Structures are given as structure tokens and as C-alpha cells.
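# Structural overview
Chain by chain, the residues run as shown.
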Amino acid sequence: MGSWESLKENPFWYEAGSFDVAVIGAGHAGCEAAFACAHLGLSTVLFTLHLDQLANLPCNPSIGGTAKGQLVREIDALGGVMGEMADISAIQTRMLNRSKGPAVFSPRAQMDRAAYSRRMKERIEKEEDISLVQGEIVELFWNEEDGKKTIDGVRTRSGACYHVKAAVVCSGTYMEARTIRGEVILESGPDGLSRSVGLSKSMAEAGIPMQRFKTGTPVRVNARTVDTSVMEIQPGEPDMPPFSFKKEMEGFTPREDQIPCYAIWTTPETRRIITDNMDRSPLYSGVIEGTGPRYCPSIEDKFMRFKEKSRHQIFVEPMGENTQELYLQGFSTSLPEDVQVQMVHSLPGLEKAHIQRAAYAIEYDCIDPTSMDLSLESTILRGLFTAGQINGSSGYEEAAAQGLMAGINAARKVLGKEPVILDRSTAYIGVLVDDLVTKGTKEPYRMMTSRAEYRIFLRQDNADMRLTELGKEIGLIDDERYAAFEAKKKAIEDEKARLRSTHLPPSPELHAILEKCGSTLTQSGISLAELIKRPEIHYVDLAPVDEKRPELSSDVVFAVEVDIKYEGYLALEEERIRKFATLEKKKLSPDIPYDQITGLRLEARSKLMERKPMSLGQASRISGVSPADIAVLLVYLDAQKRQAREAGEEQHG
């Protein structure tokens, strides 16, 4: 197994062609990976188990949310496609956390599930360098030389064999999957679709360490049988900016006829039904073997874990504008179907609800992400990249972000270029990848704003300022879009300079504005920038006394105001980032003999030998490596540099 030679024993195979890159799986990670490779000029074959389920949204019909919205905007800033697809498929948009600071503002949109998938498929089919194939990959092939394995090809169940220079596995929750609903266990992928069998075994045979995780999907009910009049309505917000900066520059606005969502709470009866049936829960009976997500537990797990809470909130969300299906967010469960009926009927407005799709838990195989390096390439099978839930993450946005980076780096490997690695101070994507690769995860990983140390700097509104230049350098941002970006950047800087240099004398008009805003009156001249720094005053408030104000788009105005208001905080953040960068810039060779470095603790030696970190910064984040160990490594690096310098001087002498 693993070599082309093994095929000689199997008569059912044929040479199907050669490609630069194979992408295995066409979910959110796979689509981004395929687009990245194709846009960088590489011939790409994209495999999917189901042609009609590309970029499927099986768990939740929404994109974005807390920290996830930041990821989508970063994907777009680098040249990915998720943001644009989300904008044109949204049926409701909202900006979460508006009552908090802009560092945690997070865009979220309800999708028309079917439309999103259909549009992604249409776009992929029109891409010249992507060959879309419905086929199940069951085996990887590799060459082995001097004990090092390198990917060489892939085989489908039907026997089609493809030579490739790199591969990106984006298997989602399909590898060796089984769905669990009470006593009913099916060997199935999400939504009753067929699962992937064989690929997990092939990866394990290559030496890649595997794990088994679990996630869940909530009940879907028919809207015709639901009474929304007793629910709290949650309307959309027409002023939310689009995910896509390209769409933003084009003046795109959300649809006016947004479809509402609703909020309800569980009842004492819900709790009683769940408690009375816990003996039938696969989660607590030992039937479920995989580890589930801590931050998105099933409804029975919520009642068991948080016994002090008498009720839990549920959101009733539409699945699209051409379907009657409603999704009960926060109501995932693996309890038996008959119990689910009782549970649903105990909820306000759902007493007569008809269940169209019962909830289920799903288990699946994934890898130990510490077996990758920061480029998302396997350290065991070179040329093999992984992205999405196979890396132990959860969520469409996390998957798409990894898919984009894996696709970029697979393409760059084929082209003989250095990988692109985003660090924690550059993007939420950098935090996501670093957390997975450096720290690993023993449960489905979810991105949260609290995971980002520099979130004041890593805002959703400035993702283009942080990453568009890199996207252009990589080759995913075209000249037209880059010119628009430069124009926006100049407009922001010009307006900040104007606000700092424009001073207003005390006047009745200015005092009236200050009184209206509840701000201290000024007795002397003051700049517009100094006024905007006051928390209670906004850019728009000063329009009556700002006669030379230029016409600016809302995104430019927002960026200007945030930069001025948080100037002090941003300066402190930038200083912290500079200190962080000093450790990140100290690169570590994979050949460092950690087991021979005097002063390193035994655990640190073992972890460093196993992980082979790429920088001192990454080493400092490995569990089991202490600050004292980092100090020892600094001494070692300085000694190595000194020895190299002395050797060079002797050679020239």
C-alpha cells in the first residue's frame, strides 16, 4: 500500500491523468483550496463525494459570527471567495457585539443554504484550471527516499489513478463517519449522505496520527407548523457592511427584504423530558466514542454540565427563502427520535411543530494537527496538506481559512516557492493555524475572539489593510482591486491628517453639539481629531461644524473614527506586537539536536524533538516548554551564531 507498485496486484485501476494539485473534498476548505491553486495557475483536480453538495451547510445555515466573521473578512482580503459567496446568498445580516468595542464587532449572515451551494458549484465549474470530479478517494500514493515520504498520487474507489505533485485533504466530517440518534447508528456522512471509507486507513499507513471527534446537528422543523407570534423576533440589520471588500468597494448593500429569525427559551418541561431520558443518551451511555465540542455542546449536555441554569436559549432560523425548513440553533442532540419529538413540542411556539429532519450526532476521523507544520503541510508525508475539520477544527469559516492557506502553500510548493505563514499578530487565521499546529487539540477547535492576543489590531473592519498587500504579492488580488484598495487606504490617511490639522474655535454651534452628546464644553480651540477621541462623540456628530468635510464611504469613515479613537490602545498593541516579532524572527532549524542541549528540561527536549518548531516564538507556545527553556534556547542560538562567525573569520584568515 502507498506505492504505485502496489497497484500491480489490483486489476481494477487505470491512469486517469496528471495534475499539479489534487484537492480531496469540496466543502468550504476544499473550495477555497481549489480556487487558490487554480488562480495561481496550477492544474487542479477537485474531488467530491456528492456533486450536488458543494460547500454544503449541513450544521448551521449561517456564515460569520463572533471571531468567525473576522475570519471571513480575512479570507476575502487575501483573495478567497467565501465572503463574496456569502454576500450574494444572504437572506439576513447582522453585526454582532455592537454594544461592545469595535475589536469584537463580528459580521454574521443567514444563508440561503441551497443558493450558496449552487452558486459555489457554478463558479467552480466555470474555473478553467479546476477539473471537478465526483469520486471517492480511497488511497494515497507516495515515493519514499532516505526514509522521507513524498505524495505522488491518489486513487478513487472506481480505480481512477491520478499523478499529482501535491494534495490537499479537506474531508470534513466524512472520513469513516457514523451518525448516531439514540439506539440508531448508521454508517453515514452528514444529512444521510455517503461517507468516506479507506482514506483514513491510507493516511494512517503513511504514519499520520489519527483522532476521532464528534459534532452534532440540530432538528429542522416545518415553518407552516410553527407559531412565531409567541417568539422574540430578531430582524436583520440593513447597515451591515458586506463580508467582501470587493463588494464593499462596489457599493453593495444587504437586501431590503431580510427574512427574520426568532429567539425562544427552553421550558421546565424540556428539562424534565431530557432528564427522564438521559439513560437513552448515546453521549452518556458510552455509544459515542469521539470527543465533542466544548463550546457548542448538545442540549442534553448543556443541562447536565450547567445544572444551575434553569433554561437555555434557542434560535429559530430559516434555511432559505424557497423552503419551509427552520433550523433550531442551540438544540443539537443525539437523543432518540421519539424523545426529540417530545423535546421540540415542549418549546414555545413549537407545540405542534412537524420535524422534517431529526437531529443527530456524527463521529468522524481526523488527524492530530501537531503532525503538520505552520504551512499546513504534513511533516510525515511531504506534499500532503490538510485543511478544515480533518485538522481538528469546527466551523465553516475555520475550514475555509485553512483551505485558503493550504491551497496557497500547496501551489507554492509545486512552484518551488517559500510557504506563506501568517503569525498571531497578523491575522485571526494565524492564531487559528498556530493554535492547531503548536498546541494541538483534543476536541473540535472553535475560533473565539479571546484566543487572539492582539484583537484590538485584528479587527474585522481593517482586514483589508492588514492582508490585501500580501494577497497581491501572492497573486490572488488583481490590479483593479488593488488599485481600489490603495485609493481607500489613501482616503483614510488623508482624512485622519485633515482631522488632526483642522482646529475649531469655541462657538455656539460647537457647544450645542457637545451638550447634545453629553461632552465637556471647550474653552479654547480644539482639533476635530481630539473631539473624535472622546468616547461620546462620533465623526457624524461633527458634520455641522466641519465645513470642508469630504464625501467619504461609510467604510472609510468607520476606519478613520476607530483609528483615531483607539490611537493610544493601538500604539500599545503595536509595541506588544514588536516584542512578539522578536521571538518569531528567531528561526529554528529542524535539525537542532534538542536532546543534546544542556539545560533543557526532559519534557521540553521531548516536545521540541517531536514538534520541531519553526521559530522561538512557536517553541514558547508548546505545552511543556517553559520560559526557562526558552532562555536556554536563546543562549544556544547565540552560541551557534558566535561559533559560525568565528569559523567564518578563521576561514577568511
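Everything numeric in this text was worked out from a predicted model, so none of it was measured.

### Topic: the packing of aromatic side chains
Counted according to the given criterion, the structure contains 6 aromatic pairs. Ring centres of Tyr482 and Phe485 lie 5.6 Å apart, and the angle between their planes is 40°; on these two criteria the pair is classed as tilted. On the criterion of helical spacing, the pair formed by Tyr482 and Phe485 is a turn pair, its members being 3 residues apart in helix 14 (residues 479-501). Just as Tyr482 is buried, Phe485 falls in that class too. Taken together, Phe19, Phe47 and Tyr162 form an aromatic cluster joined through their ring pairs. One cation-aromatic arrangement involves Lys309 over Phe306; the distance from NZ or CZ to the ring centre is 5.9 Å. For Arg549, the ring lying beneath its charged end belongs to Tyr539, and the centroid distance is 3.7 Å.

### Some points on the sheet that holds strand 5 (residues 106-111)
Pairing in this open sheet of 3 strands is antiparallel, and the strands run 3-5-4 from one edge to the other. Looking at the sheet topology across the chains shown, the edges are occupied by strand 3 (62-64) and strand 4 (90-96). Taking each pair of neighbouring strands and ignoring which way they run, the sheet shows an average axis angle of 20°. Here strand 4 runs beside strand 5; their pairing, made up of 6 bridges, is antiparallel. Among the inter-strand pairings, Arg94 is bridged to a residue of strand 5, identified as Arg108.

### Re unusual backbone geometry
Phi is positive for Asp191, which is not a glycine, with a value near 55°. Its location among the elements puts Asp191 in the loop between strand 11 (184-186) and helix 5 (199-205). Of note in this structure, Lys612 is not a glycine but carries a positive phi near 50°. Mapped onto the elements, Lys612 comes out in the loop between helix 19 (602-611) and helix 20 (616-620).

### Observations regarding helix 4 (residues 113-126)
Along its 14 residues, helix 4 runs 21 Å from first to last C-alpha, staying within 8% of the 20 Å computed at 1.5 Å per residue. All buried positions along helix 4 are accounted for by Arg113, Ala115, Tyr116, Ser117, Met120 and Ile124.

### As for a positive patch on the surface
A contiguous patch of positive charge on the surface is contributed by Lys586, Lys641, Arg642 and Arg645. Examined against the element boundaries, Lys641 turns out to sit in helix 21 (residues 627-652). When its relative accessible area of 56% is taken as the criterion, Lys641 is described as exposed.

### Quick look at the pairing of strand 12 (residues 210-222)
The element strand 12 is largely enclosed, with a buried count of 11 among its 13 residues. Sheet analysis places strand 12 next to strand 18 (residues 360-367), joined by 8 bridges and oriented antiparallel. Directly across from Phe213, in strand 18, lies its bridge partner Tyr364. Where strand 12 and strand 16 (residues 325-332) come together, 4 bridges link them in antiparallel fashion. Bridge pairing in strand 16 links Pro218 to Ser332. In terms of strand pairing, strand 12 meets strand 17 (residues 355-357) through 2 bridges, oriented antiparallel. Across the sheet, residue Val221 finds its bridge partner in strand 17, namely Ile355.

### Brief notes about the side chain of Ser425
Here Ser425 is to be found in the loop between helix 11 (396-414) and helix 12 (428-439). Residue classification places Ser425 among the buried positions, given a relative accessible area of 8%. Reaching out from Ser425, the side chain makes a polar contact with the side chain of Asp423 at a distance of 2.6 Å. The contacts of Ser425, once residues within four sequence positions are left out, are Tyr454, Phe457, Leu458, Ile577 and Phe580.

### Regarding the pattern of salt bridges
Between side chains of opposite charge, a pair can form when the charged atoms approach closely. Applying the stated criterion across every chain yields a total of 59 salt bridges. Of the charged contacts in the structure, one is a salt bridge between Arg466 and Glu74, with a shortest N-O distance of 2.9 Å. Placement of the pair is Arg466 in helix 13 (residues 463-474) and Glu74 in helix 2 (residues 68-78), with a sequence separation of 392 residues. Under the relative-accessibility criterion, Arg466 is labelled buried at 13%.

### A word on the packing of helix 13 against helix 14
Where helix 13 contacts helix 14, the two axes come as close as 11 Å, and the packing angle between them is 150°. If you check the angle between helix 13 and helix 14, you find them roughly antiparallel. As helix 13 runs across helix 14, the sense of the crossing is left-handed. Residue-level contacts link Asp464, Met465, Thr468, Glu469 and Lys472 of helix 13 to Asp479, Tyr482, Phe485, Lys488, Lys489 and Ile492 of helix 14.

### A look at the nonpolar core
In terms of nonpolar packing, the biggest core is built from 103 residues, with Tyr116, Leu140, Met203 and Ile429 touching the most fellow members. In terms of residue count, the dominant contributor to this core is helix 11 (10 residues). In contact with Tyr116, other than residues within four places in its own chain, are His28, Ala55, Leu57, Ile63, Met82, Met85, Ala86, Ser89 and Met111. The next biggest cluster of nonpolar side chains, apart from the first, holds 26 residues, and it includes Ile264, Ile273, Phe303 and Leu328.

### Considerations on the side chain of Arg220
Looking at the secondary structure, you find Arg220 in strand 12. Within the structure, Arg220 has its side chain in polar contact with the backbone oxygen of Pro58 (distance 2.5 Å).

### Re helix 17 (residues 554-565)
Across its 12 residues, helix 17 extends 16 Å between first and last C-alpha, which sits within 8% of the 16 Å expected from 1.5 Å per residue. Counting buried positions along helix 17 gives 10 out of 12 residues, so the element sits mostly inside the fold. Among the residues of helix 17, Asp555, Val556, Val557, Ala559, Val560, Glu561, Val562, Asp563, Ile564 and Lys565 are the ones counted as buried.

### Focus on the state of the cysteines
Tallied over the entire structure, the rule returns 0 disulfides. Counting only cysteine sulfurs, Cys170 is the nearest neighbor of Cys31, a cysteine outside any disulfide, at a range of 9.0 Å. A disulfide-free cysteine, Cys366 has its sulfur positioned 14 Å from the sulfur of Cys170, the nearest such atom. Overall, Cys366 belongs to the buried group, its relative accessible area being 0%.

The rules behind each value
- Residues numbered from 1 in each chain as written.
- Predicted model: local features only at pLDDT ≥ 70, side-chain atom pairs only at ≥ 80, totals over all residues.
- Heavy atoms only, no water.
- Phe/Tyr/Trp six-rings, centres within 6.5 Å; stacked < 30°, edge-to-face > 60°.
- Helix = DSSP H or I, 4+ residues; strand = E, 2+ residues; numbered from the N terminus.
- Buried < 20%, exposed > 50% of the residue type's maximum accessible area, 1.4 Å probe, protein only.
- Lys NZ or Arg CZ within 6 Å of the ring centre and 35° of its normal.
- Pairing = 2+ DSSP bridges.
- Axes fitted to C-alpha atoms, helices over the stretch in contact; angles between N-to-C directions.
- Expected span 1.5 Å × (residues − 1).
- Patch = residues over 30% accessible without salt bridge, like charges linked within 9 Å, V, L, I, M, F, W, Y side chains within 5 Å.
- Areas by Shrake-Rupley, 256 points an atom, 1.4 Å probe, with all protein chains shown as cover.
- Salt bridge = Lys/Arg side-chain N within 4 Å of Asp/Glu carboxyl O.
- Lys, Arg positive; Asp, Glu negative; His and termini not counted.
- Charge placed at Lys NZ, Arg CZ, Asp CG, Glu CD.
- Polar contact = N/O pair within 3.5 Å; in protein donor to acceptor, adjacent residues only side chain to side chain.
- Contact = heavy atoms within 4.5 Å.
- Parallel < 35°, antiparallel > 145°, perpendicular 65-115°, else oblique.
- Left-handed = near helix turned anticlockwise from the far one by under 90°.
- Core = buried A, V, L, I, M, F, W, Y, C linked by side-chain atoms within 4.5 Å.
- Disulfide = S-S within 2.5 Å.

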